[in-house]
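Given next are the chains, with one letter for each unit.
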Amino acid sequence: MDTEAFTTLPKGACTMKKMLTLLVLAVFLLSAAGCGSAQEADVPAQHATANAQSAPPALKTKVLFINTSRDPNGNTYKMGEAFLAGVPHDTLFLNDYKIYQLGQHYDDDRLTDVLAATEQADTIVIGTPVYWHTMSGTLKTFIDRLYELDKPVKALSGKKLYFLMQGAAPSAETKEQLPFIMSRVAAQYDMEYMGAATAPDDLTALQAILQSNL
C-alpha cells in the first residue's frame, strides 16, 4: 500500500487548506477584538473630577464657608452649618479643587479658582478637623500657597475671617495654636480676623459676633 497517497494532498487541496486556516485565524482575531471592546465597555468610565472640568464657582451670597475636611458631609460640615444656621451662605469643599504643594507648578492647579470664590465673598468661614493635633493638610497647603502671591491679595483683602475647628477633645495647645495661625494669616493678607470656635458646642459667642457684623 502506498502510504504517501494518504498523507500528501493534491496541490489544490493544500491551497484550500491554507485559505481555510487563514479564514479561521481572521475570525478568531475579530472575535478577540470584539470581546476586548465589550470588556472595555463594561468598565465604568473614569469620571473627571471638579479639578479638571468645573468652572470657577459663582457665589449666590456674600458669605462663604470653606470646608477643608476630607469628608464633604462630615463633622466639619455639620459644625459650619450649625454656625451659619439662618445665614444665607455658599459652601466650598476644598478637596474638590486640586491645589499643589508650594513650589509645584502644573497647568491643572486650581488655587486661582478658590481665590475667585473668596473674592466674591465679604465674609469667609474656614472650617477644619483636627488631624494629628493640627489643621488638615488641605488647609495647610492652601495657606502655604498664599506665600507665593504678591500682596495685597485682592481675593482676601478686607474680608472678615471666622475660624472653626472640631476634633475629638483637641489639646489645649492645639486650641491655642490653630487660632493663632489663622489670626496671623489674616494679618498677613489684610483680612479682619473675627475669632475662632474650637469645638462644636462653643459656637454661641462667635455667632453673636457674626450676627452683629452681617
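Preceding this paragraph is the structure being described.
In this text the structure is predicted, and so the values were computed from the model without any measurement. (Residues numbered from 1 in each chain as written. Predicted model: local features only at pLDDT ≥ 70, side-chain atom pairs only at ≥ 80, totals over all residues. Heavy atoms only, no water.)

A. Seen up close, the packing of helix α5 (residues 111–120) against helix α6 (residues 137–146). Relative orientation of the contacting elements α5 and α6 amounts to 90 degrees, with a least axis distance of 12 Å. For the element pair α5 / α6, the angle class is roughly perpendicular. Note on element contacts: α6 touches α5 through Phe 142, Arg 145 and Leu 146, opposite Leu 111, Val 114 and Leu 115. Residue classes in the contact of α5 with α6 are distributed as 5 nonpolar, no polar and 1 charged. (Axes fitted to C-alpha atoms, helices over the stretch in contact; angles between N-to-C directions. Helix = DSSP H or I, 4+ residues; strand = E, 2+ residues; numbered from the N terminus. Parallel < 35°, antiparallel > 145°, perpendicular 65-115°, else oblique. Contact = heavy atoms within 4.5 Å. Nonpolar A, V, L, I, M, F, W, Y, C, P; charged D, E, K, R; others polar.)

B. Quick look at the nonpolar core. Grouped together as the largest cluster of nonpolar side chains are 32 residues, with contacts concentrated most on Ile 124, Ile 126, Leu 139, Phe 142 and Leu 156. Among the nonpolar cores identified, the runner-up in size contains 14 residues, and Met 79, Phe 83, Val 87 and Leu 206 belong to it. (Core = buried A, V, L, I, M, F, W, Y, C linked by side-chain atoms within 4.5 Å. Buried < 20%, exposed > 50% of the residue type's maximum accessible area, 1.4 Å probe, protein only.)

C. The arrangement of unusual backbone geometry in detail. Lys 151 connects to Pro 152 through a cis peptide bond whose omega is 0 degrees. Its location among the elements puts Pro 152 in the loop between α6 and β4 (160–166). Of note, Asp 190 is a non-glycine position whose phi angle comes to about 60 degrees, a positive value. With respect to the helices and strands, Asp 190 occurs in the loop between α7 (172–188) and β5 (192–197). Accessibility expressed as a relative area gives 41% for Asp 190, which makes it partly exposed.

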